[in-house]
Amino acid sequence: MNPRSEPFEEHTERYDRWFEKHEHAYESELNALRELVPPEPDGLSVGVGTGRFAVPLGIGVGIDPSVEMMRHAERRGVDCVRGIGEKIPFDDGAFDTVLIVTTVCFVEDLHETFREINRVLREEGSVVVGYVDADSPLGRRYERHKEENPFYRDATFVTTDELDEELDGAGFGETEFVQTVFRMPEEMAGPDPVRSGYGDGSFVGVRAHVSDDA
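Conventions and cut-offs
- Residues numbered from 1 in each chain as written.
- Predicted model: local features only at pLDDT ≥ 70, side-chain atom pairs only at ≥ 80, totals over all residues.
- Heavy atoms only, no water.
- Helix = DSSP H or I, 4+ residues; strand = E, 2+ residues; numbered from the N terminus.
- Rg over C-alpha atoms; globule rule 2.2 N^0.38 Å.
- Buried < 20%, exposed > 50% of the residue type's maximum accessible area, 1.4 Å probe, protein only.
- Areas by Shrake-Rupley, 256 points an atom, 1.4 Å probe, with all protein chains shown as cover.
- Lys, Arg positive; Asp, Glu negative; His and termini not counted.
- Charge placed at Lys NZ, Arg CZ, Asp CG, Glu CD.
- Axes fitted to C-alpha atoms, helices over the stretch in contact; angles between N-to-C directions.
- Parallel < 35°, antiparallel > 145°, perpendicular 65-115°, else oblique.
- Contact = heavy atoms within 4.5 Å.
- Nonpolar A, V, L, I, M, F, W, Y, C, P; charged D, E, K, R; others polar.
- Expected span 1.5 Å × (residues − 1).
- Patch = residues over 30% accessible without salt bridge, like charges linked within 9 Å, V, L, I, M, F, W, Y side chains within 5 Å.
- Salt bridge = Lys/Arg side-chain N within 4 Å of Asp/Glu carboxyl O.
- Left-handed = near helix turned anticlockwise from the far one by under 90°.
- Pairing = 2+ DSSP bridges.
- Core = buried A, V, L, I, M, F, W, Y, C linked by side-chain atoms within 4.5 Å.
- Phe/Tyr/Trp six-rings, centres within 6.5 Å; stacked < 30°, edge-to-face > 60°.
- Lys NZ or Arg CZ within 6 Å of the ring centre and 35° of its normal.

Draft legend 1. The arrangement of the overall build of the chain in detail. Check the secondary structure of the chain and you find seven helices and eight strands. Whereas a compact globule of 214 residues would reach a radius of gyration of roughly 17 Å, the chain reaches 16 Å, a difference of no more than 12%. Principal-axis analysis of the C-alpha atoms places the extent of the chain at approximately 45 × 35 × 30 Å. Looking at the chain as a whole, 53% of its 214 residues qualify as buried. With an accessible surface of roughly 10000 Å², the chain has 44% of that area assigned to carbon and sulfur atoms. Averaging the positions of the 22 positive and the 46 negative side-chain charges in the chain gives two centres separated by 7 Å.

Draft legend 2. Representation of the packing of helix H2 (residues 12-21) against helix H3 (residues 23-34) in the model. The interhelical angle for the contact between H2 and H3, taken along N-to-C directions, is 90°, at an axis separation of 5 Å. Taken together, the axes of H2 and H3 lie roughly perpendicular to each other. Between H2, through Trp18, Phe19, Glu20 and Lys21, and H3, the contact on the second element is made entirely by Glu23, Ala25, Tyr26 and Glu29. Split into classes, the residues belonging to the contact of H2 with H3 amount to four nonpolar, no polar and four charged.

Draft legend 3. Highlighting H3. Relative to the 16 Å expected for twelve residues at 1.5 Å per residue, H3 spans 16 Å between its end C-alpha atoms, a close match to the ideal helical length. Where the residues of H3 are buried, they touch H2, strand S4 (95-101), strand S5 (121-132), strand S6 (172-180) and strand S8 (203-210).

Draft legend 4. Molecular detail of unusual backbone geometry. The backbone of Thr102 sits at a positive phi, close to 50°, despite the residue not being glycine. Given a relative accessible area of 26%, Thr102 falls into the partly exposed group. Even without glycine at this site, Glu174 takes up a positive phi of about 50°. As for its placement among the helices and strands, Glu174 is situated in strand S6. On the basis of relative accessible area, Glu174 is assigned to the exposed category, the value being 66%.

Draft legend 5. Spatial organisation of a negative patch on the surface. On the surface, a cluster of negative charge is contributed by Glu123, Glu124, Glu174 and Asp212. Here Glu124 shows up in strand S5. Overall, the relative accessible area of 68% leaves Glu124 in the exposed class.

Draft legend 6. Focus on the packing of helix H5 (residues 110-120) against helix H7 (residues 160-169). It is at 9 Å that the axes of H5 and H7 come closest, and there the two elements cross at 50°. Considered as vectors, H5 and H7 are oriented oblique to each other. Of the two possible hands of crossing, H5 and H7 adopt the one that is right-handed. Contacts between H5 and H7 involve Leu110, His111, Phe114 and Arg115 from the first element and Leu163, Glu166, Leu167 and Gly169 from the second.

Draft legend 7. Just the sheet that holds strand S7 (residues 195-196), in detail. The sheet built from eight strands is open, its strands ordered S3-S2-S1-S4-S5-S8-S6-S7 with mixed pairing. Whereas interior strands pair on both sides, the edge strands pair on one side only; in this sheet they are strand S3 (79-82) and S7. In this fold helix H4 (residues 67-75) packs onto strand S2 (61-64) and S3, with an angle of close to 170° to the strand it touches most, S3.

Draft legend 8. Broad picture of the nonpolar core. Membership of the largest hydrophobic core comes to 27 residues, with the highest contact counts inside it found for Val104, Phe114, Ile117, Val127, Val129, Leu163 and Phe172. Of all the elements in the fold, those that place two or more residues in this core are strand S1 (43-46), S4, H5, S5, H7, S6 and S8. Non-local contacts of Leu163, meaning those with residues more than four positions away in its chain, are made with Val104, Leu110, Phe114, Val129, Tyr131, Val158 and Val206. In terms of nonpolar packing, the next biggest core, distinct from the first, is built from 26 residues, Tyr15, Ala32, Cys80 and Leu99 among them.

Draft legend 9. Seen up close, the packing of aromatic side chains. Counting across every chain of the model gives seven aromatic pairs. An angle of 25° between the planes, with centres 6.1 Å apart, marks the rings of Tyr142 and Phe157 as stacked. One end of the pair, Tyr142, is in helix H6 (residues 137-144); the other, Phe157, is in the loop between H6 and H7, with 15 residues separating them in the sequence. Of the residues examined, Tyr142 reaches a relative accessible area of 15% and is grouped as buried. Members of the aromatic cluster, connected to one another through ring pairs, are Trp18, Phe19, Tyr26 and Phe53. Against the face of Phe182 rests Arg195, its NZ or CZ located 4.3 Å from the ring centre.

Here it is, written out as C-alpha cells:
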C-alpha cells in the first residue's frame, strides 16, 4: 500500500469528522470553490476522498487510491474508480472540469498529475485546485506538526507560486485565484469571506484553463 494513502484507509472516519468539527472552515472553502467551479459541471474529482467537496460542487465522478475513502464518497452519490492523479483511468478529453482539493500535497509527482489532468480535459476545459498554501499561517502550522499527524506525515506542501509554475509547465493558462480562511479553523465563529488573489488566506483556490499552446 502507498504510504501516503495508508492513513486514509485506516483513519477514514477521523478524516471525515474534521469537516463537522471545523464546519466554518469547510464552508469557507466550499464558498471559495463555488466561485471557480462552473454550474452543472461534467467533472472529475481527483483525490475525491469521502466526497465532501465533489458532492456539493456537483462533481459526479471521482478517483482515489483509498478504497475506504471511495466507499464514503459512493454513499454520498459519487461514482468512483480507484486510481491516482499520475495515471488517471479515463480517456483523453473526457471531462470539462477536473477538481483537485486538498490533494496536491499527497501526490507523488505533481507535474505528471497536472499533465494527466490536462489530458483528460476537453479543449475548453479547466482544472480547479483547492489547497492550503504552504506560505500561510495554517500551512506553516501543518508543516511544523506534520510528524504528529498521520495524514500529513508524508505530505509535501506547496506555495501558490510553486503551484502556479507547475500549472504553467503542464500546459495551463488563464489562472484565477481566490482565497479564504483568514483565521485558524478552531477560532472561526462563522465562515470567512472569499477574496480574490492570494497571500492572506490560508486556503487558496485557483482555476486554470487548458492553454491553446498545450
